[in-house]
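Per-entry structural report
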Amino acid sequence: MIKNVIAGFWVCAVTLGSCYAAVTWMVGRSPAEEQPHYEGLQYKKIPPINIPIIAEGAVQGYVVANFVFTADSRTLREISVPPEAFIQDEVFRYIYSDETLDFRRLSRYNVNGMISNVRERINKRLGAEIVKEILIENFNFISKSDIRS
């Protein structure tokens with residue numbers, strides 16, 4: 001019986017001691033500093049773009065392209081104008097006016113040059129380095145005869 005009483009006092013003493021240690025340990029600490037949340041890059045998909053290819057005074061076909069761009073997510077939330085419209089516009093202008101893109105005489109096309117030029121133009125129009133990278137998801141030419149069949 002005496003062993004049970006001593007064991008009960010021992011359990012009470014350990015419980016009180018651990019509660020006291022826990023309370024004094026948290027009181028002495030300064031509040032945890034809020035660390036800035038790293039958000040990183042955000043990927044946004046652009047709707048497909050259809051660009052007519054005109055040669056010899058007639059439409060020869062269409063370039064159908066899908067693009068994805070990356071931008072800082074905080075910057076995307078802060079800007080008032082969505083960059084998707086600017087990207088579509090610049091890609092359309094670049095491909096439509098590019099003289100080296102001839103689908104009748106296929107050759108290797110400088111895709112890296114096109115992407116870097118488009119990205120530079122977009123960032124220049126937006127006034128800041130918003131678009132970090134443009135990725136090509138799909139880039140196809142569909143001739144006029146393929147559309148009708």
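The rules behind the values
- Residues numbered from 1 in each chain as written.
- Predicted model: local features only at pLDDT ≥ 70, side-chain atom pairs only at ≥ 80, totals over all residues.
- Heavy atoms only, no water.
- Core = buried A, V, L, I, M, F, W, Y, C linked by side-chain atoms within 4.5 Å.
- Buried < 20%, exposed > 50% of the residue type's maximum accessible area, 1.4 Å probe, protein only.
- Helix = DSSP H or I, 4+ residues; strand = E, 2+ residues; numbered from the N terminus.
- Contact = heavy atoms within 4.5 Å.
- Salt bridge = Lys/Arg side-chain N within 4 Å of Asp/Glu carboxyl O.

1. Regarding the nonpolar core
Among the nonpolar cores identified, the biggest contains 24 residues, and Phe67, Phe69, Val91, Ile95, Met114 and Ile134 are the most heavily contacted of them. For this core, the secondary structure elements donating two or more residues are strand E2 (49-55), strand E3 (58-72), helix H3 (83-97), helix H4 (111-126) and strand E4 (131-143). Not counting the four nearest positions on each side in its chain, Ile134 is found in contact with Phe67, Val68, Phe69, Ile115, Val118, Arg119 and Ile122.

2. Here's the deal with the pattern of salt bridges
This model, assessed by the stated rule, comprises seven salt bridges. Here Glu137 makes a salt bridge to Lys45, at a shortest N to O gap of 3.1 Å. Linking Glu137 in strand E4 with Lys45 in strand E1 (residues 41-45), this pair joins segments that are 92 residues apart in sequence. Overall, Glu137 belongs to the partly exposed group, its relative accessible area being 42%. Lys45 gets classed as exposed once you look at its relative accessible area, which sits at 54%.

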